[in-house]
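Structural description and commentary
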Amino acid sequence: MRDLSPLNQVADSAATTSPLQLLVLSNGHGEDVIAVRILQELQQLSSPPDIFALPIVGEGRAYQQLNIPCIGSVQTMPSGGFIYMDSRQLMRDVRGGLVQLTWKQIQAVRGWVSDQTKLGNKKAILAVGDIVPLLFAAISGANYAFIGTAKSEYYVRDEVGLLPRKSKSARWENFSGSIYHPWERWLMSRRRCRAVFPRDSLTTEILKKWPIPAFDLGNPMMDGLEKTFSTPKFYAADTENEELVRPLIVTLLPGSREPEAYSNWEIMMVAVSGLMASFRERDSILPSAGTVIFLGAIAPGLDCTILSQTLQIQGWRSCPESPIQLSDANILTFKQRNAYLVLSQQAYNDCLHWGDLAIAMAGTATEQFVGLGKPAIAIPGNGPQYNPAFAEAQSRLLGASLILVDQPAKVAQAVKSLLKNPDSLQVIAENGVQRMGRSGAAKRIAECLQARL
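Fair warning: this is a prediction, and the values are worked out from it, not measured in the lab.

Re the side chain of Asp328
- Inspection of the secondary structure assignment puts Asp328 in the loop between strand 10 (317–318) and strand 11 (332–336).
- Within the buried set, Asp328 has no salt-bridge partner at all; the shortest N-O distance to an opposite charge, 17 Å, is to Arg37.
- From its side chain, Asp328 meets the backbone nitrogen of Asn330 in a polar contact 2.8 Å long.
- Polar contacts involving the side chain of Asp328 include one to the main-chain amide nitrogen of Gln346, which spans 3.2 Å.
- Aside from chain neighbours lying at most four places away, what touches Asp328 is Ser344, Gln345, Gln346 and Ala347.

Topic: the side chain of Glu367
- Its place among the elements puts Glu367 in helix 12 (residues 364–371).
- Beyond its immediate chain neighbours, meaning those up to four positions away, Glu367 contacts Arg199, Met221, Met222, Gln394, Leu397, Leu398 and Met436.

Comments concerning the sheet that holds strand 5 (residues 123–129)
- Taken together, five strands build an open sheet; the order of strands is 3-2-5-6-7 and the sheet is parallel. Looking along the sheet, the strands with just one partner apiece sit at the ends: strand 3 (50–55) and strand 7 (193–197). Neighbouring strand axes in the sheet, compared pairwise and without regard to direction, differ in orientation by 15° on average.
- Pairing analysis gives six bridges linking strand 2 (residues 21–26) to strand 5, with the strands arranged parallel. Looking at strand 5, one finds that Val24 is bridged to Leu126.
- The strands that helix 16 (residues 441–452) touches are strand 5, strand 6 (143–148) and strand 7; relative to strand 7, the one it contacts most, it runs at about 170°.

Brief notes about the packing of aromatic side chains
- In the structure shown here, the tally under the stated rule is eight aromatic pairs.
- Ring centres 6.2 Å apart and planes at 35° place the aromatic pair Trp172 and Trp183 in the tilted group. Taken together, the positions of Trp172 in the loop between strand 6 and helix 6 (182–188) and Trp183 in helix 6 put the pair 11 residues apart, joining distant regions of the chain.
- Taken together, a centroid distance of 4.1 Å and an interplanar angle of 20° make the contact between Phe229 and Trp354 stacked. Linking Phe229 in the loop between helix 7 (201–207) and helix 8 (239–245) with Trp354 in helix 11 (residues 348–354), this pair joins segments that are 125 residues apart in sequence. Here Phe229 and Trp354 have matching classes, each one buried.
- Ring-pair connections join several aromatic residues into one group, and the members of that group are Trp172, Phe175 and Trp183.

About the criteria used
- Residues numbered from 1 in each chain as written.
- Predicted model: local features only at pLDDT ≥ 70, side-chain atom pairs only at ≥ 80, totals over all residues.
- Heavy atoms only, no water.
- Helix = DSSP H or I, 4+ residues; strand = E, 2+ residues; numbered from the N terminus.
- Buried < 20%, exposed > 50% of the residue type's maximum accessible area, 1.4 Å probe, protein only.
- Lys, Arg positive; Asp, Glu negative; His and termini not counted.
- Salt bridge = Lys/Arg side-chain N within 4 Å of Asp/Glu carboxyl O.
- Polar contact = N/O pair within 3.5 Å; in protein donor to acceptor, adjacent residues only side chain to side chain.
- Contact = heavy atoms within 4.5 Å.
- Pairing = 2+ DSSP bridges.
- Axes fitted to C-alpha atoms, helices over the stretch in contact; angles between N-to-C directions.
- Phe/Tyr/Trp six-rings, centres within 6.5 Å; stacked < 30°, edge-to-face > 60°.

In short, the description is geometric, and any link to function would need to be established separately.
Spelled out as structure tokens, the structure:
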């Protein structure tokens, strides 16, 4: 555990010249990244605030990379932040000091607000994530804004109405007319809550039924995904022939947390083998000489040696040349028959943009891929993150864009069904953009924050 002093970076300038002092609270790595995107946009505005952070879960490395000072105590919990998926994970965190850490963090937030008040500074809090940072902000005594990344009305409804659910307990999710429960809406409707930014239009529309200052400005998850290539074409022949002979490109998204990602990778390789076998069948949707390229979008923290060993066991052999141009000088390329498999830890955006479809066992990465208007086929793993409950919930969140199969052997049939139905691909393209929003949300939210806070 590290304890970082809250105020030794605060300038002792007069209150009349002091900019807004902004404390950002977030509870997870993905939430940290979203917060940082917005903070970068805030820093580009005129009269930017002085920014501090308190990562409630983890050590806040995203903030450190932006040289944003952290206040209070930070510690990585055993669950990695996935306590809501499994009561056993919660108990591990409690034994790991969760209660003591939470109390220290609440004290740090209130202490920071008190110190800013004594200095005569304008102060505000930006909460990013779920009810935990929102509650911290509400009891801080300062004005606050909330970016709700964890909940969406799409979990319980679509534009037509409520989704059918098998479990009676599922009614609890929407018992009060919204995915956000009354106590969460109460926190969002307080006088000191100056702005709420839901993750999609449907959720914003529902929240506006109550006196909540909700703004539909998009989802920052879709920012920063620009590709480095101009257009995804392999050949210089006419377009129709290109579509007939160009490779099918499948992006692989195994997740970012070890050791779970390694287990996911083994499951995905079973799916890849089955898919390759299906392409050799008589009724294959690929030409007999068709090439398939699998792009592994691998998180920088994972060990590619472990992933490569799994590939070699499956019959893949190292290949000196890549069939595709990626913005990564350290890619690893493998070949098997007429298929290539490329591992990249630096060309994440390109892997998303090149892919025609994805085999996915990830949270944020799957949602970003779908947000680009593309289909993803998901296989539940053993968790703690990408387990059957998470995958089922994600399939509700993403609708038609996520095809959920219960075992890797069924991926091939799902791919075949997709590629034989171009009309469904058009529906998926429109659905992904609608549910995840267009890029530029971070800048729009930053501008609104500056005006509201």
